[in-house]
Amino acid sequence: LEQKGRLQRLVAKDVQPPDPASIRVLRGHQLPVTCLVISPDDKFIFSGSKDGSLIKCKWEVDSGKRLCVVPGGKKGTEERHMGHASHILCMAISSDDKYLATGDRNKLIMIWDTATCKRLHIFTGHRDAVSGLSFRKGTHQLYSASHDRCVKVWNVAENAYVETLFGHQDVITGLDSLSRECCVTAGGRDGTVRLWKIPEETQLVFSGHQGSIDCIQLINEEHMVSGADDGSLALWGLTKKKLQDARGLERPYWISAVAALRNSDLLATGSHSASVKLWKCGEGFRKLEHLWDIPL
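Residues numbered from 1 in each chain as written. Predicted model: local features only at pLDDT ≥ 70, side-chain atom pairs only at ≥ 80, totals over all residues. Heavy atoms only, no water.

1. What about the sheet that holds strand β9 (residues 109–113)?
In sheet architecture, strand pairing relies on hydrogen bonds along the backbone and comes in two forms, parallel and antiparallel. Taken in spatial order, the 4 strands make up an open sheet running β7-β8-β9-β10, and their pairing is antiparallel. Only two strands of the sheet have a single neighbouring strand rather than two, namely β7 (88–93) and β10 (119–123). Averaged over neighbouring strand pairs, the angle between their axes works out to 20° when direction is ignored. When β7 meets strand β8 (residues 99–104), the two strands line up antiparallel, connected through 5 bridges. Paired with Met-91 across the strands is Thr-102, a residue of β8. (Pairing = 2+ DSSP bridges. Helix = DSSP H or I, 4+ residues; strand = E, 2+ residues; numbered from the N terminus. Axes fitted to C-alpha atoms, helices over the stretch in contact; angles between N-to-C directions.)

2. A few points about unusual backbone geometry
Trans peptide bonds make up the majority, and among non-glycine residues the majority have a negative phi. Phi at Asp-97 takes a positive value of approximately 65°, unusual for a residue other than glycine. Along the chain, Asp-97 falls in the loop between β7 and β8. A positive phi is found at Glu-283, a non-glycine position, where the angle reads about 45°. Inspection of the secondary structure puts Glu-283 in the loop between β25 (275–282) and β26 (287–295).

3. Overview of the sheet that holds strand β12 (residues 141–146)
With respect to topology, 4 strands assemble into an open sheet ordered β11-β12-β13-β14, the strand pairing being antiparallel. The strands lining the two open edges of the sheet, one partner per strand, are β11 (130–135) and β14 (160–165). Neighbour-to-neighbour, the strand axes of this sheet turn through a mean angle of 20°, independent of strand direction. Pairing of strand β13 (residues 151–155) with β14, which is carried by 5 bridges, proceeds in the antiparallel orientation. Paired with Asn-155 across the bridge in β14 is Ala-160.

4. Brief notes about the UniProt feature "repeat: WD" (unreviewed entry) in the chain
The feature "repeat: WD" (unreviewed entry), as annotated in UniProt, sits at residues 26–54, 81–122, 123–164, 165–206 and 206–246 in this numbering. Each end of residues 123–164 is marked by a C-alpha atom, and these two atoms are 13 Å apart; helix forms 0% of the span and strand 55%. Secondary structure across residues 165–206 comprises 0% helix and 50% strand; the distance between its end C-alpha atoms is 17 Å. (UniProt positions renumbered as here; feature names shortened; annotations may be inferred.)

5. Considering the pattern of salt bridges
Taken as a whole and judged by the stated rule, the model has 7 salt bridges. Notably, a salt bridge pairs Asp-176 with Arg-262, separated by 3.0 Å at the nearest N-O pair. Separated by 86 residues along the polypeptide, Asp-176 in strand β15 (residues 174–177) and Arg-262 in the loop between β23 (257–260) and β24 (266–270) bring together distant segments of the chain. On the basis of relative accessible area, Arg-262 is assigned to the partly exposed category, the value being 27%. Across the pair Lys-287 and Glu-283 runs a salt bridge whose closest N-O atoms are separated by 3.4 Å. (Salt bridge = Lys/Arg side-chain N within 4 Å of Asp/Glu carboxyl O. Buried < 20%, exposed > 50% of the residue type's maximum accessible area, 1.4 Å probe, protein only.)

6. Quick word on the environment of Arg-105
Within the secondary structure layout, Arg-105 lies in the loop between β8 and β9. Residues Arg-105 and Leu-89 lie 16 residues apart in sequence; the distance between their C-alpha atoms is 6.7 Å.

As structure tokens, this is what we get:
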């Protein structure tokens, strides 16, 4: 289905539940894993955690082998140690697989060489925990979001700070971007989702959730999905206002993670309900249909 000149893959109707025996568990972190990214070629996983000794791991997908561990240090020793000295909260990988960015509770963003796991640079400037990171697709432009309510723009290839964007009234809890020079953010308890148009220095504000909006993901260049602590899942059109709420739960479970198979009609959500839920976006992104759960 060609939509506004972009290919839209309709895959949700054909997706099959995974065989529970095929789900592998990778162990190695001492404390909760807070974030991970998969390399663009699907060969490696990078994971970040709350533990001080194993701050960042690189895993091989096929074998499940841990290839590299970056140890952390004590707070204030980040310049001397290779790793973070506080909880890693978010990470992002560039679409050419060259750079990995990690953000921590101690306001720092670290830039790494994905091939060697060597640290290349530290970005400072946020005044509180760094809660979201995203590379603009096809570039080395990095967006960061923080509990200081700001979004910052960086040029990683030149180790340069570009600008700061203001607008949220509460801590920013999530951030995402695709190919366009813009990013989207979730504003926690300020009840808004925002679309930031970087060149125009403008923002669009979307309101609708009742609770704290804790996670956000772009589905394609025209639509996004967000999840909140009241158990609501919202589907938004970037050119219109909110499209759809899904609340198919008798007892609301705080949605702590959302994911979209890019440019398709398939979504996933995570919470403490002991499963990952899969959803189909139906009727031109006007409704959400629950497909099935992956028990965890």
